[in-house]
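Geometric and topological summary
Take a look at the letters that make up each chain.
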Amino acid sequence: MEELQFCRGGGCTAKLGPAALARVLSGLPRPTDPDLLIGAESSDDAAVYRLTDELAIVQTLDFFPPMLDDPYLFGQVAAANALSDVYAMGGTVKTALNIVCFPEKMDLNILGRILQGGSEKVIEAGGSLAGGHSIADSEVKYGLSVTGVVHPARIRANNTGHVGDALILSKPLGVGLVCTAARMGQADGDALALAVRSMTTLNRWAAEAADRYRVHACTDVTGFGLLGHLHEMLRPDLSARVHAGALPVIPQARDYADAFYLTAAAQRNRNFADGRVRFGRGITFADEELVFDPQTSGGLLFAVDPADADALARDLAALGLPCGQIGTLLPRVDAEIIVEG
Amino acid sequence: MATIVDARGKACPQPVIDTKNAIKEHGVPVITLVDNDIARQNVEKVAAQMGYYTESEALDGGDFRILIQQVSTQVLSSVLGEGGAVSDAPIDCPTCQPMELAPAGPTVVVLSSNCMGAGDDTLGAALMKGFVYALTQLDRAPDTVLLYNGGAKLSAEGAETVADLKVLEENGAEILTCGTCANHYGLQDKLAVGSVTNMYVIAETLSKAGRVIRP
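Everything numeric here is computed off the predicted structure, so don't read it as measured data.

1. What to know about the interface of chain B and chain A
Contact with chain B, which involves 12 residues of that partner, is made by 11 residues of chain A. Listing elements by their share of the side of chain B that touches chain A, those giving two or more residues are helix 1 (14-26) and helix 2 (37-49) of chain B. It is helix 2 of chain B that provides the largest number of residues to the side of chain B that touches chain A, a total of six residues. Along the lines of polarity and charge, the residues of the side of chain B that touches chain A split into eight nonpolar, three polar and one charged.

2. A word on the domain arrangement of chain B
Its domain assignment divides chain B into domain 1 (3-69) and domain 2 (103-213). Centre-to-centre, using C-alpha coordinates, domain 1 of chain B lies 33 Å away from domain 2 of chain B.

3. Section: the pairing of strand 6 (residues 141-150) of chain A
Residue and element names in this part refer to chain A. Taking burial as the measure, the 10 residues of strand 6 include seven buried ones, the bulk of the element. Alignment of strand 4 (residues 92-102) against strand 6, held across nine bridges, turns out to be antiparallel. Residue pairing across strands places Ile-99 opposite Gly-143, the latter belonging to strand 6.

4. As for the packing of helix 7 (residues 225-233) of chain A against helix 9 (residues 264-273) of chain A
Residue and element names in this part refer to chain A. Put simply, helix 7 and helix 9 touch, their axes get as near as 9 Å, and they point 40 degrees apart. Accordingly, the angle class assigned to the pair helix 7 and helix 9 is oblique. Pair helix 7 / helix 9 crosses with left-handed handedness. Together, Gly-225, Leu-227, Gly-228 and His-231 of helix 7 and Ala-266, Asn-269, Phe-272 and Ala-273 of helix 9 make up the contact between the two elements. Residues belonging to the contact of helix 7 with helix 9 are distributed by class as follows: four nonpolar, four polar and no charged.

5. Examining the domain arrangement of chain A
Residues and elements named next belong to chain A. Considered domain by domain, chain A is made up of domain 1 (11-154) and domain 2 (166-340). Placing a centre on the C-alpha atoms of domain 1 and another on those of domain 2 gives a separation of 21 Å. Listed per partner, the contact involves 25 residues of domain 1 and 29 residues of domain 2. When residues of the side of domain 1 that touches domain 2 are traced back to their parent elements, those giving at least two are helix 1 (18-25), helix 2 (71-88) and helix 3 (108-124).

6. Quick notes on the pairing of strand 8 (residues 215-220) of chain A
Residue and element names in this part refer to chain A. In terms of burial, strand 8 is a largely internal element, five of the six residues being buried. In the sheet, strand 8 pairs with strand 11 (residues 300-304) via five bridges, with the strands oriented antiparallel. Bridge pairing in strand 11 links Cys-218 to Phe-302.

7. Some words on the sheet that holds strand 4 (residues 64-69) of chain B
Picture the strands of a sheet paired through backbone hydrogen bonds; they go either parallel or antiparallel. Residue and element names in this part refer to chain B. Ordered in space as 1-2-4-3, the four strands form an open sheet in which the pairing is mixed. In this open sheet, the two edge strands, each paired with only one partner strand, are strand 1 (3-6) and strand 3 (53-58). On average, adjacent strands in this sheet sit at an angle of 20 degrees to one another, irrespective of strand direction. Of the strands in this sheet, strand 1, strand 2 (30-34) and strand 4 touch helix 1, which is tilted by about 165 degrees from strand 2. In the packing of helix 2 onto the sheet, the strands contacted are strand 2, strand 3 and strand 4, and the crossing angle to strand 4 comes to about 0 degrees.

8. Concerning the nonpolar core
If you look at the biggest cluster of nonpolar residues, it comprises 120 residues, and the most contacted ones within it are Leu-83, Ile-168, Val-178, Ala-195, Ala-253, Phe-302 and Leu-312 of chain A. Looking at this core element by element, the count peaks at 10 residues for helix 2 of chain A. Not counting residues within four places of it along the chain, the set of residues in contact with Leu-83 of chain A comprises Val-93, Lys-121, Ala-125, Leu-144, Val-146 and Leu-202 of chain A. Core analysis: the second largest hydrophobic core is formed by 32 residues, Leu-127, Leu-135, Ala-156 and Cys-178 of chain B among them.

9. Some points on the environment of Lys-166 of chain B
Along the chain, Lys-166 of chain B falls in helix 5 (residues 162-170). With 27 residues separating them in the primary sequence, Lys-166 of chain B and Val-193 of chain B have C-alpha atoms 6.1 Å apart.

10. As for helix 5 (residues 189-200) of chain A
Spacing of three or four residues puts side chains on the same side of an α-helix, whose turn is 3.6 residues. Residues and elements named next belong to chain A. Taking 1.5 Å per residue, 12 residues should reach 16 Å; helix 5 reaches 16 Å between its end C-alpha atoms and fits that length. Along helix 5, the positions that sit buried rather than exposed are Ala-191, Leu-194, Ala-195, Val-196, Ser-198, Met-199 and Thr-200. Buried residues belonging to helix 5 abut helix 2, helix 4 (175-183) and helix 8 (252-258).

11. Considerations on helix 4 of chain A
Most of helix 4 of chain A sits out of view: nine of its nine residues are buried. The inward-facing, buried residues of helix 4 of chain A contact helix 5, helix 8, helix 9 and helix 10 (285-292) of chain A.

12. What to know about the packing of helix 1 of chain B against helix 2 of chain B
All names here are of chain B. Taken N-terminus to C-terminus, the directions of helix 1 and helix 2 make an angle of 35 degrees; their axes are 9 Å apart at the nearest point. For the pair helix 1 and helix 2, the sense of crossing is right-handed. Here Pro-15, Val-16, Thr-19 and Lys-20 of helix 1 lie close against helix 2, whose contacting residues are Ala-39, Asn-42, Val-43 and Val-46. In terms of residue class, the contact of helix 1 with helix 2 is made up of five nonpolar, two polar and one charged.

13. A short note on the sheet that holds strand 8 of chain A
Residues and elements named next belong to chain A. Spatial strand order, 8-11-7-12-9-13-10: seven strands in an open sheet with mixed pairing. Strands with a single pairing partner mark the edges of an open sheet, and in this sheet they are strand 8 and strand 10 (277-279). Sheet twist, expressed as the average angle between the axes of neighbouring strands with direction ignored, equals 20 degrees. Across four bridges, strand 7 (residues 166-169) lies against strand 12 (residues 324-331) in antiparallel orientation. Each residue of the ladder has a partner; that of Leu-169, found in strand 12, is Gly-324.

Quick notes on the rules
- Residues numbered from 1 in each chain as written.
- Chains lettered and ligands numbered in written order.
- Predicted model: local features only at pLDDT ≥ 70, side-chain atom pairs only at ≥ 80, totals over all residues.
- Contact = placed C-beta atoms within 7 Å.
- Helix = DSSP H or I, 4+ residues; strand = E, 2+ residues; numbered from the N terminus.
- Nonpolar A, V, L, I, M, F, W, Y, C, P; charged D, E, K, R; others polar.
- Domains from an automatic or database assignment.
- Buried ≥ 20, exposed ≤ 12 C-beta atoms within 10 Å, placed from the backbone.
- Pairing = 2+ DSSP bridges.
- Axes fitted to C-alpha atoms, helices over the stretch in contact; angles between N-to-C directions.
- Parallel < 35°, antiparallel > 145°, perpendicular 65-115°, else oblique.
- Left-handed = near helix turned anticlockwise from the far one by under 90°.
- Core = buried A, V, L, I, M, F, W, Y, C linked by C-beta atoms within 7 Å.
- Expected span 1.5 Å × (residues − 1).

Laid out in structure tokens, this is it:
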């Protein structure tokens, strides 16, 4: 029987580059329905549509090829990643549909394990898995289309931060580097275990922790890396200062950057940021790779009132993953993003 | 001889890892072939991070050839000037970085001819003058310069390379000219820089070298 490779380097490293995507999307007509509160033009995480003054639905779709060899864990990661967009908008998950691509020649038990992992995460999210769609394809891909709800007044857009807000990231960076090293057979067991724990952790818990504080904007950090998603938070009147020393990271990811386990996606993210980011003195090669590293099922990035920052960071730390205050929002200066040591 | 890494058809990080391994195993120059621009950028980024220079060329069909080497040919050509004529202007070398992978043991430059390369001897002599000048501009001078056979002419009175060899000597390089060779060319009384040596010293110097450079 033909040998089929399950994992070839997937997850959010498989995303199309942000530059390519922006060019294609700019050619499409813009929707005009005033009840479409958040659509594609703000590069937000999900669409939000107002049904009544009290209720809006949050819709999102996310799927990708495996980034792990274990089908069950891959199913969990893909589902956690898709569900995350609802949490980034401040919503609650209601229903989810599976989206599956699977080779006809591959063992169907593998598909069963993927779907089992995914369904467990939907249940943990408090949602109902209500069906799905599958097609035969040469490579495995899996994800979810998720529908959630949110009160229109409590939507967390990504571009509504205030000058002076603290930036807080709820999960460690370096997931892409660790998965790449793992694919090359070079990842440390502890590093991979932390990456898997991070990727399978629902952003539900971080989003609920943030409900207690004055969060002005939120996004989730996925394939475009920290700086790519931070860019989406920065209106023309805002810049951000990021402290490299404060970044939560999977520690071994720095070694993997120095050993050049680099993805094409990270380089695309770097190209996209070209000319907008200034790296200060003391920023290492590994620091740069970490801020461009594509994250699969990465954390939530909050812009929060500075008076609430310490308390939110403490509550997030109690959830058990490396996290931290990574920077601040500033009035726009010469560079959009400044990364300092 | 450059080591060739054919990484076409391979996804990142494989082209990068293959290139890194080739450099570690065989040293530079390494030529890496890739089939997309992002892989080219990743390979160039890694080579720069390792302290090397790269030059890339787009090939037909969307492939790229990346040459990874110790010194940029731009620096060399700014030394040599247009058409191989030697420029007197000091070279500006803002991108020089410390070589992190310098091997243990002394660096020995061997000049075994008064010409650099084969083809046209007039060009070869101009290239050699440019090369010796370029050596004076390196961050770190070689430990020893060995001159034998036609190379013995380079340290003799009247040679255009004497001034630059003296600079190298002032920068700490030992300039050693083969006595037998100087005798052969009738230059035994015309040594203008460094000292005369013999085959034992030449053999010992080469055998203890960490790196031998032959233009």
